[in-house]
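Analysis of the macromolecular model
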Protein chains: 2
Amino acid sequence: MTLKPNRQADASEQSLLRIFTVPEDTNSTLSIIEQKLSEDLAGFLGNSIAALEKPLSEIETDFKSFKIPAAPRFVSDYTDEIMQNLVAHSVHTSAPSFIGHMTSALPYFVLPLSKMMVGLNQNLVKIETSKAFTPLERQVLGMMHNLIYDQNDTFYNEWMHSANHSLGAFCSGGTIANITALWIARNQLLKAQGEFKGIAREGMLKALRHYGYDDLAILVSERGHYSLGKAADLLSIGRDNIISVPTDGNNKVDVDAMRKIAQQLERQNIKVMAIVGVAGTTETGNVDPLSQLAELASEINCHFHVDAAWGGASLLSNKYRHLLAGIERADSVTIDAHKQMYVPMGAGMVLFKDPELANNIAHHAEYILRVGSKDLGSQTLEGSRPGMAMLVHACLQIIGQEGYEILINNSLEKARHFATLIKQHSEFELVTEPELCLLTYRYVPSGVQEAIEKAIAANDLEKVNHINALLDGLTQFIQKHQREQGKSFVSRTRIRPLKYYRQTTTVFRVVLANPLTTHTILMSVLEEQVEIAKLDSEFYPQLHAIGLESAAL
Amino acid sequence: MTLKPNRQADASEQSLLRIFTVPEDTNSTLSIIEQKLSEDLAGFLGNSIAALEKPLSEIETDFKSFKIPAAPRFVSDYTDEIMQNLVAHSVHTSAPSFIGHMTSALPYFVLPLSKMMVGLNQNLVKIETSKAFTPLERQVLGMMHNLIYDQNDTFYNEWMHSANHSLGAFCSGGTIANITALWIARNQLLKAQGEFKGIAREGMLKALRHYGYDDLAILVSERGHYSLGKAADLLSIGRDNIISVPTDGNNKVDVDAMRKIAQQLERQNIKVMAIVGVAGTTETGNVDPLSQLAELASEINCHFHVDAAWGGASLLSNKYRHLLAGIERADSVTIDAHKQMYVPMGAGMVLFKDPELANNIAHHAEYILRVGSKDLGSQTLEGSRPGMAMLVHACLQIIGQEGYEILINNSLEKARHFATLIKQHSEFELVTEPELCLLTYRYVPSGVQEAIEKAIAANDLEKVNHINALLDGLTQFIQKHQREQGKSFVSRTRIRPLKYYRQTTTVFRVVLANPLTTHTILMSVLEEQVEIAKLDSEFYPQLHAIGLESAAL
């Protein structure tokens, strides 16, 4: 693509002003690229992103210069360059055969709407720079609140647009959402009382002294997201005070174990600040027993937060929302719209059951975010931020609940179908069943499967571990090669299955959220893996070395 | 605009899949709108955003429903609706006559590039979902680091792409940037030592106990941004421990006063954790004496952070970067690219002088953000986040340092020109001189100016206050009416000028960052204000009531 650029690249004032005023030349490199994006996004991505992976160290050589270039450049030259250096070596997150990410294909309309959002360049921190975007964001939060908590008309009419209340906070993603929830929980617990002005004003030391606690703790399943540790660090609670609670065979937190830990902490005068339930673990997609956790939180009188960053979208399915039963008892819930709601990156939310809750972190300045203003910035962690809520609004309206019902049911059912394919295939082992639309599995030649079952029956722990160690290498080999070939992609994680004595085991991880992923594609992902397995020159000799040559047949 | 929509709106699977696959109809409502955006952004915004302001309560009635709509909708219907409900009532942040915001007109090329960024839908948290976007972001941070700290080739070759180092962190905006800097400063101060595992792991209580401090404090000018209070709350330092230091007549922090406060805190066994210098205060645009602050920070051995969220872009001007002298001695610096660097909302950065510094908040998980990986997420507050760095990269390359030189010099010089216009105009008073491109002023009829000068000469504090109170009302009246008329916009703030005995005074606030704002527009802003002043039916009778009828003539 070599088109004549329509922008002068000299550093004259006149030439610079033109980039702020002159419309795009419809025959320029960038315009033509944009047209392709509009006409056929999938085609554009398929053609522009290189299939074969380039090593990161080579990519880095194109981004080595550390000096801001002196002279201005032609837009077309720059565009050509990033098509080669950046776009070609980005990740095809929306490919139907790339089933290892939590991202999906996007509905076509979010692209022009994003462009409009950027052009409007609103700042949601305050009404003065967002105007109608503020009520829109409040409406999106109201709708998501309603999806979780299902309160009545009076409730929403009273609180959704109330200046001193908020039904949730919009943010860039689940990490900020989780931090916001725990920040609120901490400030609520250690609030002003008598002479004490609250932790927000006086800090942790005086707060603990005032309330007479020796420390705080947060209880969560060992499968909790790493952002919780980040929150504990940031909020001065300390990472060691995130207490990791064991899970059962289905990767769901053991509530009895959690109760015992809570009792023990109480005896040590350590206050449990919050219990976090996971609704869709990152590695295996399982949902904690939320009702039981709500019960426990109520018993020990602490905040109950649910991290449904990934799984929360399943609430949009009337057929499957029962899988998240109990979420309506949470004090706060994290949901990322950029995961299973088909919104582009950068759309996180935390919802609050009680519209007063966020006042624990309310902050006002004398001139903006005034008391009584409807500025959203007074109850969010972020300050300036873009109008991403518009894209969630668009998806909710255009796809509708009935549309999401179909998309989500299809995802969950596709995962069940894939699980069946894996179980029926003699060379694969399903490691975790899909509860939502995420499952894990691995490639295990049938002979090896027999050998491992036999070793388990004989309770030969050493042999099981030995075989699994070899399989870990094989899984890693297959996943890496498949990624590098660029035809399809599954991710890889390490979990500790009950069946394998809780030993760390490497598995393929698949998320089936892309509506364009077909059953045929799923089958071909497995077929490709069978072929790649044959290329591993180390696995079979190693198998031989531990006296399992017959298993390889 | 009534075009036939090309999307079926029924909730069938086939119809839903089409929104993920079928290209935009080039003759649909949304396509036509997008075309207008491309052909003439300013025209689109000018035509689509309603000139007259609609009260927020009326806007809210369009965003009242709290139920996610059941049935899917036509994209065209939705588009029509938001053009009326949302776009028409958003804020025209890029209008050349809207000189009250920190936003500006955008270069045309950021729109198609944003669309590409959304289409690529990368997630910068980890290489696996960002690939070339990660080295690109590291390069942008390297360039900004170089702009501030000007280290040599060896430095950048060694650290810019180093897995276990970072020259800065990209984030959604200045608030997250400031929080990140103070989080790092806190963890650096209260790091692991001997048996103590560091505040990140053990929390604040044990940290203070270990180091033997009774409390922590942060010193900043009384003009510091409200996000610092938010940081102190979040980090468990407590808002009351942000110590507000008085400023001089030019709104610059009084370093001697700060030194005395620091000494006093030391005597109380309260450790000063950080000094924050402001490079461009939100209200008056002034820059603290950064070199002197660096000196003090070194004396008392604490972290020195500079909040240059707004003012930092001035470093791109070789002519004026001396105004920020001393910034190169800061341990960390906040700069927002979405303020004066002409990048759309959502592009904040914090830069670290020492590439090891961010390791104070480094966090790793077993399966992503592994030790030694180049995943950016291991040293950022946010988790998942979009590839906004690409837009900063594009602006730096296409505008270039020489381009920014012109744009920034023009902004600063336009502000000086406007200051001259105000001073020459008999009915206006310049309240604060522009140091960068921000100034404050107010409308004061010449007779009233004389009266106020006379009262000052006579040291008649009461009279000065009385007149100023009336002028506050007038300023508010003018600002509000001007905004509602929709032709032009200045913002309003309250400051405490030395001249008026430090009494709170309401002023117009103007930021001259938009390259399209002409001298003619500036003159017409003043003329419009003169006309609006005549409409205030309360000011002159009140003036009369305090015996100043002659001043009104």
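Residues numbered from 1 in each chain as written. Chains lettered and ligands numbered in written order. Predicted model: local features only at pLDDT ≥ 70, side-chain atom pairs only at ≥ 80, totals over all residues.

1. Things to note about the overall build of chain A
The following threshold applies: Runs of H or I in DSSP of at least four residues are treated as helices and runs of E of at least two as strands, each being numbered from the N terminus. To get the radius of gyration, use the C-alpha atoms; to get the globule rule, take the number of residues to the power 0.38 and multiply by 2.2 Å. Neighbour counting defines burial: a residue surrounded by 20 or more other C-beta atoms within 10 Å of its own C-beta is buried, one with 12 or fewer is exposed, and intermediate counts give partly exposed, using backbone-placed C-beta atoms. Here the contact rule is simple: place C-beta atoms from the backbone, and any two residues whose C-beta atoms are within 7 Å are in contact.
Secondary structure assignment for chain A yields 20 helices and 11 strands. Here the C-alpha atoms of chain A give a radius of gyration of 26 Å, agreeing with the 24 Å that 2.2 N^0.38 yields for 553 residues. With respect to the three principal axes, the spread of C-alpha positions in chain A is 80 × 75 × 50 Å. Here chain A holds 553 residues, and 59% of them are scored as buried. Taking the intrachain contacts of chain A between residues at least 6 apart in sequence as the baseline, contacts between residues at least 24 apart amount to 70%.

2. Some details on the UniProt feature "modified residue: N6-(pyridoxal phosphate)lysine" (unreviewed entry) in chain A
All names here are of chain A. This is how it is decided: UniProt positions are given in the numbering used here, feature names are shortened, and annotations may be inferred rather than shown by experiment.
The positions UniProt marks with the feature "modified residue: N6-(pyridoxal phosphate)lysine" (unreviewed entry) are Lys339. In this fold, Lys339 is placed in helix H15 (residues 337-340). Excluding anything up to four places from it in sequence, Lys339 contacts Met102, Ala309, Trp310 and Ala313.

3. What to know about the environment of Asp77 of chain A
The residue Asp77 of chain A is located in helix H5 (residues 75-85) in this model. Distance from Asp77 of chain A to His363 of chain A, taken between C-alpha atoms, is 46 Å for residues 286 residues apart in sequence.

4. Topic: the interface of chain B and chain A
Put simply, the rule reads: The classification used treats Ala, Val, Leu, Ile, Met, Phe, Trp, Tyr, Cys and Pro as nonpolar, Asp, Glu, Lys and Arg as charged, and all other residues, Gly among them, as polar.
Tallying the contact residues gives 137 residues for chain B and 137 residues for chain A. Ranked by residue count, the leading element in the side of chain B that touches chain A is helix H16 (residues 389-424) of chain B, at 13 residues. Across the side of chain B that touches chain A, the residue classes break down as 72 nonpolar, 41 polar and 24 charged.

5. Some thoughts on the sheet that holds strand E8 (residues 428-432) of chain B
By way of backbone hydrogen bonds, the strands of a sheet pair with one another, either parallel or antiparallel. All names here are of chain B. To keep things clear, this is the line we draw: Strands are labelled as partners when DSSP assigns at least two bridges between them. All axes are obtained by fitting lines to C-alpha atoms, using only the stretch in contact for helices, and the reported angles, taken between N-to-C directions, cover 0 to 180 degrees.
Taken in spatial order, the four strands make up an open sheet running E8-E9-E11-E10, and their pairing is antiparallel. Because the sheet does not close on itself, it has two edges, and the strands there are E8 and strand E10 (491-495). Between one strand axis and the next, the sheet turns through 45 degrees on average, direction left out of account. Pairing geometry for E10 and strand E11 (residues 505-511), over five bridges, is antiparallel. Of the residues in E11, the one forming a bridge with Thr493 is Val507. Against the sheet, H16 touches E8, strand E9 (438-443) and E11, its axis set at about 15 degrees to E9.

6. A few points about helix H1 (residues 13-21) of chain B
Test applied: Note: the arc covers the axis-to-C-beta directions of the helix.
Listed in full, the buried residues belonging to H1 of chain B are Leu16, Ile19 and Phe20 of chain B. Down the axis of H1 of chain B, the buried set is contained in an arc of 100 degrees. They therefore lie on one face. On its buried face, H1 of chain B sits against helix H16 (389-424) of chain A.

7. A look at the packing of helix H2 (residues 29-39) of chain B against helix H5 (residues 75-87) of chain B
Residues and elements named next belong to chain B. Heads up, the condition is: Note that the term roughly parallel is reserved for angles under 35 degrees, roughly antiparallel for angles over 145, roughly perpendicular for angles of 65 to 115, and oblique for everything else.
One way to put it is that H2 packs onto H5 with a least axis distance of 8 Å and a crossing angle of 50 degrees. The orientation of H2 with respect to H5, classified from their angle, is oblique. Contacts between H2 and H5 involve Thr29, Leu30 and Ile33 from the first element and Val75, Ser76, Thr79 and Asp80 from the second. For the contact of H2 with H5, a count of residues per class yields three nonpolar, three polar and one charged.

8. Some details on the domain arrangement of chain A
Residue and element names in this part refer to chain A. Basically, it comes down to this: Annotation comment: domain bounds sourced from an automatic or database domain assignment.
Under the domain assignment used here, chain A contains domain 1 (13-90), domain 2 (122-387) and domain 3 (404-552). On a C-alpha basis, the centroid separation for the pair domain 2 and domain 3 is 35 Å. On the domain 3 side, the residues contacting the 18 residues of domain 2 number 17 residues. Residues that form the side of domain 2 that touches domain 3 fall into these classes: five nonpolar, 11 polar and two charged.

9. With respect to the relation of the copies chain B and chain A
Comparison of the two chain copies shows a relationship of rotation about an axis with a shift along it. Formally: Superposition of the copies used a least-squares fit over C-alpha atoms from residues whose pLDDT is at least 70 in both.
The two copies are related by a screw motion: chain B maps onto chain A through a turn of 180 degrees and a shift of 0.0 Å along the axis, at an RMSD of 0.0 Å. Both copies of the chain, as the preceding transformation shows, are related through a two-fold rotation axis. Here 100% of the interface residues in chain B have copies in chain A that are interface residues too; the copies meet face to matching face.

10. With respect to the sheet that holds strand E11 (residues 505-511) of chain A
Residues and elements named next belong to chain A. In spatial order, the strands read E8-E9-E11-E10; together these four strands make up an open sheet with antiparallel pairing. A single partner strand is all that each edge strand has here, and the edge strands are strand E8 (428-432) and strand E10 (491-495). Neighbour-to-neighbour, the strand axes of this sheet turn through a mean angle of 45 degrees, independent of strand direction. H16 contacts E8, strand E9 (438-443) and E11 of the sheet and is inclined by roughly 15 degrees relative to E9.

11. A few points about the environment of Thr93 of chain B
Summarising the element assignment, Thr93 of chain B is placed in the loop between H5 and helix H6 (110-120). Residues Thr93 of chain B and Lys36 of chain B, 57 residues apart in the sequence, show an inter-C-alpha distance of 18 Å. When near neighbours in sequence (up to four residues on either side) are disregarded, Thr93 of chain B contacts Asn121, Gln122 and Thr129 of chain A together with Phe98, His101 and Thr103 of chain B.

12. What to know about unusual backbone geometry
Note: most peptide bonds trans; most residues except glycine with negative phi. Residue and element names in this part refer to chain B. With phi around 55 degrees, Asn301 is a residue other than glycine that occupies positive phi space. Relative to the helices and strands, Asn301 resides in the loop between helix H14 (290-299) and strand E5 (303-307). Exposure remark for Asn301: the 9 C-beta atoms within 10 Å place this residue in the exposed category. One non-glycine residue, Asn459, adopts positive backbone phi at about 60 degrees. With respect to the helices and strands, Asn459 occurs in the loop between helix H17 (446-457) and helix H18 (461-485). A residue is classified by how many C-beta atoms lie within 10 Å of it, and Asn459, with 9 of them, is exposed.

13. Observations concerning the confidence of the model for chain A
Residues and elements named next belong to chain A. Rules: The quantity called pLDDT is the predictor's confidence in a given residue, expressed from 0 to 100.
Across chain A, the average pLDDT comes to 93, with 96% of residues at 70 or higher. Note that pLDDT drops below 50 for residues 1-5; the model gives that stretch 14 contacts with residues more than four away or on any other chain. Model confidence for the complex: the whole-complex pTM is 0.96, and ipTM, which rates the interface, is 0.96.

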